[in-house]
Amino acid sequence: SLPELQIGADTSGFVSREECLRKGTAFLSNLDAIASDEGAMSCASGPTGTCCSALNGYLGPGSEFYGCPCYGDLYSRALSQIPSFIKPIVERSLQGCGIPTPSSGCRG
């Protein structure tokens, strides 16, 4: 089984796993909201300032999902909810914008 958090993670300010799961389920059931967010949609062109500003609003420090991607199982589940052709864009944008994910930034 996957560890709940990456070993050595700096979890200061991170939302709890339970909170991520509860809020994330509702959020992922309304992907239309993200699709209508021009900032988030700009990520298709790469991790620009507009893209990163939008992503930080969702996943950055102080946001309601801060640290949620560090829960590897939840991150994998979230990625499985989006169309496969979008996954590389999401992963590249999260990394380029400095959002902690299991592959980048979750380790303290």
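See the structure above.
The structure contained in this document is the topic of the report that follows. Since we're looking at a predicted model, the values are computed, not measured.

Quick look at the state of the cysteines
According to the stated counting rule, one finds four disulfides in the structure shown. At a sulfur-sulfur separation of 1.9 Å, the disulfide partner of Cys-20 is Cys-68. Across the S-S bond linking Cys-20 and Cys-68, the dihedral sits near -85°, which makes this disulfide left-handed. With Cys-20 in helix α1 (residues 17–28) and Cys-68 in the loop between α4 (49–59) and α5 (72–80), this residue pair connects regions lying 48 residues apart in the sequence. By relative accessible area, Cys-20 is classed as buried at 5%. Overall, Cys-68 belongs to the buried group, its relative accessible area being 9%. Bridging Cys-52 to Cys-97, the disulfide has an S-S length of 2.0 Å. Disulfide Cys-52 to Cys-97: torsion about the S-S bond roughly -80°, handedness left-handed.

Quick look at the pattern of salt bridges
Under the criterion given, the structure shown has four salt bridges. We note a salt bridge from Lys-23 to Glu-64, for which the minimum N-O separation is 3.9 Å. Within this pair, whereas Lys-23 is found in helix α1, its partner Glu-64 is found in the loop between α4 and α5, the two being separated by 41 residues in sequence. A single salt-bridge network, built from bridges that share partners, covers Glu-19, Arg-22, Lys-23 and Glu-64.

Calculation notes
Within every chain, residues take consecutive numbers counted from 1 along the sequence as written. Two thresholds apply to this predicted model, a pLDDT of at least 70 for residue-level local features and 80 or more for giving and counting side-chain atom pairs, whereas whole-chain, interface and lining totals are computed over all residues. Based on all heavy atoms of the structure, the side-chain values leave hydrogens and waters out of the count. For the purposes of this analysis, a disulfide is any pair of cysteine sulfur atoms at a distance within 2.5 Å. Secondary structure elements follow DSSP: runs of H or I no shorter than four residues count as helices, runs of E no shorter than two count as strands, and numbering proceeds from the N terminus. Each residue's exposure class comes from its accessible area (1.4 Å probe, protein chains only) as a fraction of the maximum for that residue type: buried when under 20%, exposed when over 50%, partly exposed otherwise. In the sections that follow, a salt bridge refers to a side-chain nitrogen of Lys or Arg positioned within 4 Å of a carboxyl oxygen of Asp or Glu.

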